[in-house]
Structures are given as C-alpha cells and as structure tokens.
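Close look at the chain arrangement
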Amino acid sequence: MRMLVTGGAGFIGSNFILYWMKNYPNDQIVNFDKLTYAGNLENLKEVENNPNYKFIKGDIVKTEEVENAMEDVDVVVHFAAESHVDRSIKNPSDFILTNVLGTQVLLESALRRNVKRFHHISTDEVFGSIDLEDKDKFSERTQYDPRSPYAASKASSDHLVRAYFVTYGLPITISNCSNNFGSFQFPEKMIPLAITNILEGRKVPVYGDGLYVRDWLYVEDHCRAIEAVLQKGKVGETYCVGGLTDDINNLDVVRKILRLLGKDEGFIEFVKDRPGHDRKYAIDWTKIKNELGWEPLHTFDEWLEKTVDWYKTHQDWWKKLKTPEFQKYYDEQYGDLD
Ligand code: NAD
Ligand code: DAU
C-alpha cells in the first residue's frame, strides 16, 4: 500500500509515520510537507534511509506539486495545516490558504487520481466551547461553532471534505480529536512551552485565570485511532477522538509539570488572555469505541511524566527550535515576559 501523508514533518504527522512504519514495514510512505517553521525532518531520522519512506518538499496549495505527489497513491492521510490558534489570531490569512484552499487542492487531486481513501485530520475546536459547569461533551452530532480563525479554517476544510464525498463520491473519513501531547511537539504549544521554559529557567505564561480545560490525548493513542479508522472506518463517516483526562485545567497541568521538574509555583506568570479563548473542550469517544473498538490507553499522569522526561533528554532537539525568529514571535505574543 502506498500512503501519502501530508504534514508528516510536524508533531502528529511524524509520530504517525514512525508508528505506521514500525507496524506496517512493507507499506510505502510518501511524506509531503512544506517545512514551515513547524516542520522538522529531524523527527524522522529513524526512517529517513528506509527504502519504503520518501520525503517530498511541497506545498498543498500548489496543484502541480500535489498532483505529482499523488501518483499511484492508495491512501491519503491529511495532517498538513497551520495549527496554532494564537498565530491564527495574529495572521489568519495563512490559515485560510493552507487549511481551506490546500485541503481543496488535495481533494481535487485525490479525486482525479482515484485514491481509495482520503482521511482528513481535524480538531474538536470546530465545535466551539463548553461552559465549565456544563457536563456535556462534543460528539459527532454536535453542531459546528468555530470561534477562532484556526477553528473556522478547520471547520471549512471539514465541510469541503464531506462535500467531496456527497457530491463526487470521494471515499473520505474524518477524525476530530482533542489536544495531543507527547514527543516532537513544537514548543509554542502549552505543554512543550511550559516544560522547555522551566528547563531554561524561564517563567510559564498562563492565559487569563488558567481555569481553561482541555481534553488531553497522548499522541500514540491518536495514531492508533487513525489506524482504526483507516482499517475499519466507514466511508463518509466522522469519528471523535479524545483522551483520558477528567476536566483538568491549565493551571493544574502546569503545576504537575512543575512538580515533575522539582520547581515551585514561582515559575507561573499569569498573562493577558487569548481573545475568544474557548473555556473547555471535552470529547465523547463512544462512537469510535463501539463501532471500531478503539479507546485511549495512555493515562495523562504517566505519559505527561514520560513527555517531560523526553524533553529533558532531547534538549538538542528543542533548543534549535527556539530561534531568533521564534523569540520574535514570543516577544510579540507575551510582551516582556522573560
Ligand atoms: P504542526 O503544526 O506540528 O505540523 C503541521 C505540519 O504541516 C508541519 O510539518 C508543516 O510544515 C506542514 N505544513 C504546513 N503548511 C503546509 C502546506 N501548505 N503544505 C504542506 N505542508 C504544510 O501540527 P500538528 O499539531 O502536528 O497537527 C497536525 C494536524 O492535526 C493539523 O491538521 C491539526 O489541525 C490537527 N490537530 C492537531 C491537534 C493538536 O493537539 N496538535 C489536535 C487536533 C487536531
Ligand atoms: O483541541 C485541539 C487543538 O489543540 C488543535 O486543533 C490545535 O492545533 C492545537 O494547537 C491545540 O489548540 P489549543 O489552543 O487548545 O492548544 P495550546 O497548546 O495552544 O493551548 C492549550 C491551552 O493552554 C489553551 O487553553 C490556551 C492555554 N495556553 C496556551 C499557551 C500557548 C496558555 O495558558 N499559555 C500559553 O502560553
């Protein structure tokens, strides 16, 4: 089987390629990635010389590049996106271009090339926000209510993917998952930013009152969920994928990281809130459990500890990413926080 993975040099995409090549060594993987600031081929060192792995540097917005990469492809797993909410608030246009137009270019090419499955990776952010006291969870039946430019761009892409199924019969599946954590996550996102800042002796910026809640999913559980959808998922269907946390807020996540690194709460710095900040995400993953037999296996506390250890032992990996360009972004985002 020949699989085209878009965005395979990013956090989840690279974890997915490593997972897939370990478990399906005879499959051929083509990793198509533009290598934006978030793409990093070092994540894939383990497989770079494997004859069944091929990297193509390319942009999903460019029809010709996509068309060439799609040749003889059986399955597309589409991760490529601009993925950081804060950057989407500062500069929405890149998000519309890559996440909306780029997805449409891929769909068009997949249709022309008769791919057998187009799996689209989406997010729970398309569903909006849950009140803290509300016990409801997002499910496949929840109405879309995206509230950031990032979420709106992902919602648009989901609609396009479904439209290509209904209108043209393209065999698609979609998964909407919650916040991933684990190794190879770019240190702009909250968990790796907190860990790496503490390791550098810097403060951890916590937005607003810190009582925002995310549904944390260990990245390998996400990879297993995609595997289940590719193998057993029904064409045209959407599956929600979530983790094992029970309403843990950002402040408590940062406190856990501080404890794991033997530091006190003096490292916490409350900063200006994110505009339109979604209060809570929570996923009901009953459908994928009942229909495909998937459930998350990795508990938050144990795998947060392993993730902290990974960042401790891979300082070369993340220190290179905290470039002057990253510092510029950081200064604009966090003001004079040191
Ligand atoms: P990431 O930002 O770490 O990686 C994105 C990758 O896409 C990078 O390698 C980048 O170079 C590549 N890319 C960006 N624009 C491109 C373009 N125009 N053409 C080709 N490649 C391009 O993202 P991630 O956290 O790994 O997220 C992957 C996918 O999963 C995204 O679609 C995101 O919306 C979705 N998602 C992420 C999370 C999460 O918690 N990280 C949760 C739910 C859904
Ligand atoms: O829910 C899935 C989404 O999870 C994905 O679709 C996105 O691609 C991914 O980036 C992530 O979005 P979030 O905005 O939830 O993740 P982030 O790590 O940026 O923030 C997590 C929480 O921590 C959120 O409530 C904002 C808060 N936060 C974040 C940063 C970067 C802080 O308090 N301080 C920070 O410096």
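Treat the numbers as computed from the prediction; the structure is a model and nothing was measured. (Residues numbered from 1 in each chain as written. Chains lettered and ligands numbered in written order. Predicted model: local features only at pLDDT ≥ 70, side-chain atom pairs only at ≥ 80, totals over all residues. Heavy atoms only, no water.)

**A closer look at the domain arrangement of the chain**
Taken domain by domain, the chain holds domain 1 (2–181 + 215–241) and domain 2 (190–213 + 247–280 + 299–324). Contacts between the two partners involve 20 residues from domain 1 and, on the opposite side, 22 residues from domain 2. Across the interface of domain 1 and domain 2, roughly 1,800 Å² is buried in total on both sides, 54% from carbon and sulfur atoms. Of all residues in domain 1, the largest losses of buried area upon contact with domain 2 belong to Leu132, Phe181 and Trp216, amounting jointly to 36% of the total for that side. (Domains from an automatic or database assignment. Contact = heavy atoms within 4.5 Å. Buried area = accessible area lost by both parts, 1.4 Å probe.)

**Some words on the site of ligand 2**
What surrounds ligand 2 is a group of 24 residues, the closest being Thr123, Asp124, Tyr150, Arg274 and Tyr334. Contact between ligand 2 and Tyr207: an oxygen atom at 2.8 Å from a main-chain N or O atom of the residue. Within the side chain of Arg274, a nitrogen or oxygen atom sits 2.6 Å from an oxygen atom of ligand 2. Protein coverage of the free-state accessible area of ligand 2, which is 690 Å², stands at 95%. No other element matches the three residues that strand β8 (residues 204–207) contributes to the shell around ligand 2. By residue class, the composition of the shell around ligand 2 is ten nonpolar, seven polar and seven charged. Two domains each donate at least three residues to the shell around ligand 2, and these are domain 1 (2–181 + 215–241) and domain 2 (190–213 + 247–280 + 299–324). (Near = heavy atom within 4 Å. Polar contact = N/O pair within 3.5 Å; in protein donor to acceptor, adjacent residues only side chain to side chain. Areas by Shrake-Rupley, 256 points an atom, 1.4 Å probe, with all protein chains shown as cover. Helix = DSSP H or I, 4+ residues; strand = E, 2+ residues; numbered from the N terminus. Nonpolar A, V, L, I, M, F, W, Y, C, P; charged D, E, K, R; others polar.)

**A look at the pattern of salt bridges**
With the rule as written, the count across this model stands at 22 salt bridges. Arg274 is the partner of Asp86 in a salt bridge, and the nearest nitrogen-oxygen pair spans 2.6 Å. Of this pair, Asp86 sits in helix α3 (residues 85–90) while Arg274 is found in the loop between β11 (268–271) and α9 (286–292), placing the two residues 188 residues apart along the sequence. Look at Asp86 and you get buried, because its relative accessible area is 4%. By relative accessible area, Arg274 is classed as buried at 15%. Measuring nitrogen to oxygen at the nearest pair gives 3.7 Å for the salt bridge that ties Lys328 to Glu332. Of the two residues, Lys328 and Glu332 are both situated in helix α12 (residues 324–334); the distance of four residues between them amounts to about one turn of the helix. Given a relative accessible area of 54%, Lys328 falls into the exposed group. (Salt bridge = Lys/Arg side-chain N within 4 Å of Asp/Glu carboxyl O. Buried < 20%, exposed > 50% of the residue type's maximum accessible area, 1.4 Å probe, protein only.)

**Brief notes about empty space enclosed by the protein**
Evaluation of the coordinates by the stated rule reveals two cavities of 30 Å³ or more. Of the volumes computed, that of the second largest cavity is approximately 50 Å³. Along its surface, the second largest cavity is lined by Val85, Glu125, Arg147, Ser148, Arg214, Arg274, Gly276, His277, Asp278 and Tyr281. Residues that form the lining of the second largest cavity fall into these classes: two nonpolar, three polar and five charged. For the lining of the second largest cavity, the domains that each give at least three residues are domain 1 (2–181 + 215–241) and domain 2 (190–213 + 247–280 + 299–324). (1 Å grid on protein atoms, 1.4 Å probe; cavity = no way out; pocket = protein on both sides within 12 Å on 5 of 7 lines; lining within 4 Å. Points joined across faces, edges and corners; volume = space filled by probe spheres on them.)

**Re the sheet that holds strand β10 (residues 238–241)**
Hydrogen bonds between backbone atoms are what pair the strands of a sheet, whose relative direction is either parallel or antiparallel. Ordered by their spatial adjacency, seven strands build an open sheet running β3-β2-β1-β4-β5-β6-β10, and the pairing between neighbours is parallel. The two strands at the open ends of the sheet, each matched to only one other strand, are β3 (53–57) and β10. The average angle at which neighbouring strand axes cross in this sheet is 20 degrees, direction not considered. Two elements, strand β4 (residues 75–78) and strand β5 (residues 117–123), share four bridges in a ladder whose sense is parallel. Opposite Val77, over in β5, you have His119 as the bridge partner. Relative to the sheet, helix α4 (residues 92–112) contacts β1 (2–6), β4 and β5, its axis offset from that of β5 by approximately 165 degrees. (Pairing = 2+ DSSP bridges. Axes fitted to C-alpha atoms, helices over the stretch in contact; angles between N-to-C directions.)

**With respect to the packing of helix α1 (residues 11–23) against helix α7 (residues 219–232)**
Here α1 crosses α7 at 65 degrees, and the two axes come no closer than 9 Å. With respect to their mutual orientation, α1 and α7 come out roughly perpendicular. The handedness of the crossing between α1 and α7 is right-handed. Across the interface between the two elements, Phe11, Ile12, Asn15, Phe16, Tyr19 and Trp20 of α1 pack against Val219, Glu220, His222, Cys223, Arg224, Ile226, Glu227, Leu230 and Gln231 of α7. By residue class, the composition of the contact of α1 with α7 is nine nonpolar, three polar and three charged. (Parallel < 35°, antiparallel > 145°, perpendicular 65-115°, else oblique. Left-handed = near helix turned anticlockwise from the far one by under 90°.)

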